[in-house]
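# Structure at a glance
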Amino acid sequence: MAASAAARTIIENCAIATVDANDTEYASGYVVVAGNRIESVGAGKAPEGLDNVVRRIDGTGHLVTPGLVNTHHHFYQWITRGLATDHNLFNWLVALYPTWARIDEAMVKAAAQGSLAMMARGGVTTAMDHHYVFPKGSGDLSGAVIGAASDMGVRFTLARGSMDRSEKDGGLPPDFAVETLEGALAATEETVKKHHDASFDAMTQVAVAPCSPFSVSTELMKQGAELARRLGVRLHTHGSETVEEEQFCKELFGMGPTDYFESTGWLGSDVWMAHCVHMNDSDIAAFARTGTGVAHCPSSNARLAAGIARVPDMLAAGVPVGLGVDGTASNESGELHTELRNALLINRLGAHREAALNARQALRLGTYGGAQVLGRADQIGSLEAGKLADLVMWKIDGIGHSTIADPVTAIVFGAAAPVTLSLVNGKPVVEDNHLITVDEDAVARDARAEAQRLARIVAQG
Ligand SMILES: [Zn+2]
């Protein structure tokens, strides 16, 4: 059908930050959405005479940006928040693995709904879940997560995780929490074949995602990379998160994490890695040379005292960098819009001080940068004609922001701004600061019931 046949939504009289290659902004402009695509963006009023306009929105007092893109999360942790609150990564993992090993399909579904609801309400239009705990007999966990994202109406990448290096093999997870090498690979392939959509406007994609060097065998890393490349999907894992991980890699493999990743086929433009806190200059150069992406998770890194990732150095070298909430057992807030602020503030505590990141760079990390690391920069991450209509209207004339003249400074430096409207694939997900695709109270109630059920099962031993 011709573009003129598609239903149009017009937003006008708003400030716009397009996050295109030139960081084009309009103090007062318009966005025309036709079907699931952005048709035009510009200064002043929308063009006259457009037909089939089904909705015209006055954006006065708002900033419109691309929807936020989350690049690292573990949805199931929504029902294990607020535990092991004063631990470093390894101690936190050892404290929580026995609880996580008891999850089932109903728990994962409720946790996914909670995780997604929290992010979507805060302007996330593309979510991801790195799920790597698959207890025997726990049901269809991947299907539960994908169903929750579909119900919420957000664009979604499932990183099908796995663990096969347990304590008996020198790994960190207990023996009962892991899969076999063959089982993990077969289940991952099945998930990709069943759910991955490679089309331009895909709502669901799947990546191959063994968990981390200290919970995955070298063989699973190598064969996982081969599987992803055979199936034409992306690769995701955790990397260089803590000094303890670095020591683990040096003791077990005789090299640091980045060299280990390279030796197992895990550097490349189809790979993105969470954290990357402990990277030396040659590690950053290797990421830049190969186009390997980074999911920067500042709040989680602070919560677990992991350290400060060298984001300004990565950006200067040309490494693609997006933002991640990380699992909500290590970032209880579960929000991404506050990570823009935290990324900026935490990086200013690093070597580059006040020059580390500015507000526009922080917004870019949370939008276009995220689209890059998910391999979708041609489709989402900026407001440009022809791209998918994933956008957010932030209210900046309320008490939290009305005295900050610059709109991008307002949403990055200021409080988390209310979302008056978010569109995903051209369809509303948030209206007037509330989700319209799901019942928020029911999501909260179900997640609490499942969190309590899990706690009871764990207490019974
Ligand atoms: Zn993580």
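Residues numbered from 1 in each chain as written. Predicted model: local features only at pLDDT ≥ 70, side-chain atom pairs only at ≥ 80, totals over all residues.

The helix and strand tally for the protein stands at 14 helices and 17 strands. Within the span of the protein, comprising 461 residues, buried residues form 55% of the whole. Restricting to contacts in the protein with at least 6 residues of sequence separation, those with at least 24 account for 74%. (Helix = DSSP H or I, 4+ residues; strand = E, 2+ residues; numbered from the N terminus. Buried ≥ 20, exposed ≤ 12 C-beta atoms within 10 Å, placed from the backbone. Contact = placed C-beta atoms within 7 Å.)

The next thing to look at is unusual backbone geometry. Look at Cys-276: it is not a glycine, yet its phi comes out positive at around 50 degrees. Locating Cys-276 in the fold gives a position in the loop between strand S11 (271-275) and helix H8 (281-290).

Let us now look at the UniProt feature "domain: Amidohydrolase-related" (unreviewed entry) in the protein. According to UniProt, the positions carrying the feature "domain: Amidohydrolase-related" (unreviewed entry) are residues 63-428. For residues 63-428, helix accounts for 40% and strand for 16%, while the C-alpha atoms at its two ends are 17 Å apart. (UniProt positions renumbered as here; feature names shortened; annotations may be inferred.)

Attention now moves to the packing of helix H4 (residues 181-195) against helix H5 (residues 218-231). When two helices pack together, you describe them by how their axes are tilted relative to each other and by the distance separating the axes. At a minimum axis distance of 11 Å, the contact between H4 and H5 shows a crossing angle of 20 degrees. Taken together, the axis directions place H4 and H5 in an arrangement best described as roughly parallel. In this structure, H4 crosses over H5, and the sense of that crossing is right-handed. Taking contact as the criterion, the partners of Leu-181, Ala-184, Leu-185, Thr-188, Glu-189 and Val-192 in H4 are, on H5, Glu-219, Leu-220, Gln-223, Gly-224, Leu-227 and Leu-231. Looking at the contact of H4 with H5, its residues break down into seven nonpolar, three polar and two charged. (Axes fitted to C-alpha atoms, helices over the stretch in contact; angles between N-to-C directions. Parallel < 35°, antiparallel > 145°, perpendicular 65-115°, else oblique. Left-handed = near helix turned anticlockwise from the far one by under 90°. Nonpolar A, V, L, I, M, F, W, Y, C, P; charged D, E, K, R; others polar.)

We now examine the pairing of strand S1 (residues 8-17). Each regular strand displays side chains that alternate between the two surfaces of the sheet. Counting buried positions over the 10 residues of S1 gives nine, a clear majority of the element. Alignment of S1 against strand S4 (residues 53-58), held across five bridges, turns out to be parallel. Note that in S4 the partner of Glu-12 across the bridge is Asp-58. Pairing of S1 with strand S2 (residues 25-34), which is carried by eight bridges, proceeds in the antiparallel orientation. Across the sheet, Ile-11 pairs through a bridge with Val-31, a residue of S2. Across two bridges, the pairing between S1 and strand S5 (residues 62-66) is parallel. What sits directly across from Ala-15, in S5, is Leu-63. (Pairing = 2+ DSSP bridges.)

The biggest cluster of nonpolar side chains holds 142 residues, and the ones touching the most others in it are Val-31, Ala-111, Leu-116, Ala-120, Val-145, Val-154 and Val-294. The biggest single contributor to this core is helix H2 (residues 105-121), with 10 residues. A domain split of this core shows at least three residues from each of domain 1 (3-66 + 387-435) and domain 2 (68-373). Excluding anything up to four places from it in sequence, Val-31 contacts Ile-11, Ile-16, Ile-38, Val-41, Val-64, Leu-383 and Leu-391. (Core = buried A, V, L, I, M, F, W, Y, C linked by C-beta atoms within 7 Å. Domains from an automatic or database assignment.)

A word on the domain arrangement of the protein. Looking at the protein, the domain boundaries give domain 1 (3-66 + 387-435) and domain 2 (68-373). Averaged C-alpha coordinates put domain 1 and domain 2 at centres separated by 30 Å. Taken together, the contact between domain 1 and domain 2 spans 22 residues of the former and 27 residues of the latter. Mapped by element, the contributors of at least two residues to the side of domain 1 that touches domain 2 are S5, helix H13 (407-413), strand S15 (419-424) and strand S16 (427-431). Take the side of domain 1 that touches domain 2: its biggest share by element is four residues, from H13. Residues that form the side of domain 1 that touches domain 2 fall into these classes: 14 nonpolar, five polar and three charged.

Attention shifts here to the environment of Glu-354. Relative to the helices and strands, Glu-354 is located in the loop between helix H11 (337-348) and helix H12 (359-373). Note: C-alpha distance between Glu-354 and Val-277 (77 residues apart in sequence) is 19 Å.

With six bridges connecting them, S2 and strand S3 (residues 37-43) associate as antiparallel partners. Within the sheet, the bridge partner assigned to Val-33 lies in S3 and is Ile-38. Linking S2 back to S3 in an antiparallel pair, the connection comprises two residues, with Gly-35 at a positive phi of about 65 degrees.

Attention shifts here to the packing of H11 against H12. It is the contact of H11 with H12, at a shortest axis distance of 9 Å, that shows an interaxial angle of 130 degrees. Of the possible angle classes, the one that applies to H11 and H12 is oblique. The element H11 and its partner H12 pack so that their crossing is right-handed. Between H11 and H12, the residues in contact are Glu-339, Leu-340, Ala-343 and Leu-344 and Ala-359, Ala-362, Leu-363, Leu-365 and Gly-366, respectively. For the contact of H11 with H12, a count of residues per class yields seven nonpolar, one polar and one charged.

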